[in-house]
Amino acid sequence: MAQRPTLAEIRERTYKRRDAWWTVWLVDPLAGPLVRLVAPWRWATPNLLSLAAFAVGLGAAACFWQGEYKWLLAGALLFHLAFVLDCMDGKIARLNGTGSLFGTWLDYVFDRLRVVTCALALFGGQWHLTGETHYLWLATGVIFLDMFRYLNALQMQKVKQTMKERLLEATGAAPEQYVDESDEVVTPESMESARVDVHGDFRTRFGLFLRIRHFLLRQRIRAHVFSGIEFMMFVFIVGPVTSAIVPVTIASGVLLLAFESLLVYKLWTTTRTYHRKLAAL
């Protein structure tokens, strides 16, 4: 059996530079020691952990379907455990160098299937228990929002990459001279070597937002405070635990749409700056 790494090594090599606050505060403190425990075991592969996360997610769905509060508590606990396992597969891949393109696909598909299955079970179980049809509408809304935020993120990344490639080609600048829209703190020193910056307009307009973002980054928390991760955790954990499934789901959906709208606005301002700079070149 391979030597067991230290927790400090796991944090250094496997923790993301920035992550959702739910992951930073409620998942990493548990996932890190578990990764240290299983890291030397060669059979604990990322794909196996992805499969285990999906299986535990199915267990959560089975509990949700029962509808009663004690089962909702069990389902919430299992859903959180499934997410911990889901985070562990990436950490194991980065730590042991055992990641693969197929594993990336597998992780993505299992994540989406887990959300769809748990949504149908949670809201379907409440509909079966109460006969209230609004639970079916909530299930549809949760599934739609989960798919929307993934598609939105993928298309945004394509647009940003296209802008970067074209501007670097047009200016002849080196990649390190391009100011990426990252959650890194932009300082005067870092701007000295920058030749291409399409995010300046947004920074100029929303200085307060940037100061809040910089504060969060020092805690390793990304500025997208209510992302898909928080959305899932509130719908499948906070709502069932507090017996407030309907209001928590609605509030979570509104918050997710608000932050996704902010991302769309940021992209819009960036593309306007991009077209202006490209025209000038």
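You'll find the structure just up there.
Only a predicted model underlies this, so the values are computations on that prediction, with no experimental measurement involved.

> What's the story with the pattern of salt bridges in this structure? I'm lost.
Opposite charge on two side chains permits pairing when their charged atoms draw close. For the structure on display, the rule yields seven salt bridges. Connected through shared salt-bridge partners, Asp28, Lys91 and Arg220 make up one network.

> How do you make sense of the environment of Arg42 when you look at a structure like this?
Counting through the fold element by element, Arg42 comes out in the loop between α2 (21-38) and α3 (46-66). By relative accessible area, Arg42 is classed as exposed at 75%.

> Where do I start with helix α9 (residues 207-218) in this structure?
Structural remark: α-helix, 3.6 residues per turn; residues separated by three or four positions point the same way. Its twelve residues place the ends of α9 17 Å apart at the C-alpha level, agreeing with the 16 Å of an ideal helix rising 1.5 Å per residue. Taken together, the buried positions of α9 are occupied by Leu210, Arg213, His214, Leu216 and Leu217. Relative to the axis of α9, the buried residues are bounded by an arc of 160 degrees and lie together on one face. Exposed and facing more than 90 degrees away from the buried side of α9 are Leu208, Arg211 and Arg218. Structurally, α9 contributes buried residues whose contacts are with α8 (200-205). A positive backbone phi angle near 70 degrees is found at Arg220, which sits one or two residues after α9.

> Whenever I open this one, the nonpolar core confuses me. Can you help?
Nonpolar side chains in soluble globular proteins generally cluster together in the buried interior. In terms of nonpolar packing, the biggest core is built from 52 residues, with Phe123 and Phe236 touching the most fellow members. Those elements giving two or more residues to this core turn out to be α2, α3, α4 (69-96), α5 (101-130), α6 (134-171), α10 (228-242) and α11 (245-280). With eleven residues, α4 is the single largest residue contributor to this core. In contact with Phe236, not counting residues within four places along its chain, are Phe64, Ala76, Phe79, Val115, Cys118, Ala119, Leu122 and Val142. Core analysis: the second largest hydrophobic core is formed by ten residues, Met163, Leu167, Ala173 and Leu267 among them.

Each value, and the rule that gives it
- Residues numbered from 1 in each chain as written.
- Predicted model: local features only at pLDDT ≥ 70, side-chain atom pairs only at ≥ 80, totals over all residues.
- Heavy atoms only, no water.
- Salt bridge = Lys/Arg side-chain N within 4 Å of Asp/Glu carboxyl O.
- Helix = DSSP H or I, 4+ residues; strand = E, 2+ residues; numbered from the N terminus.
- Buried < 20%, exposed > 50% of the residue type's maximum accessible area, 1.4 Å probe, protein only.
- Expected span 1.5 Å × (residues − 1).
- Arc of directions from axis to C-beta.
- Contact = heavy atoms within 4.5 Å.
- Core = buried A, V, L, I, M, F, W, Y, C linked by side-chain atoms within 4.5 Å.

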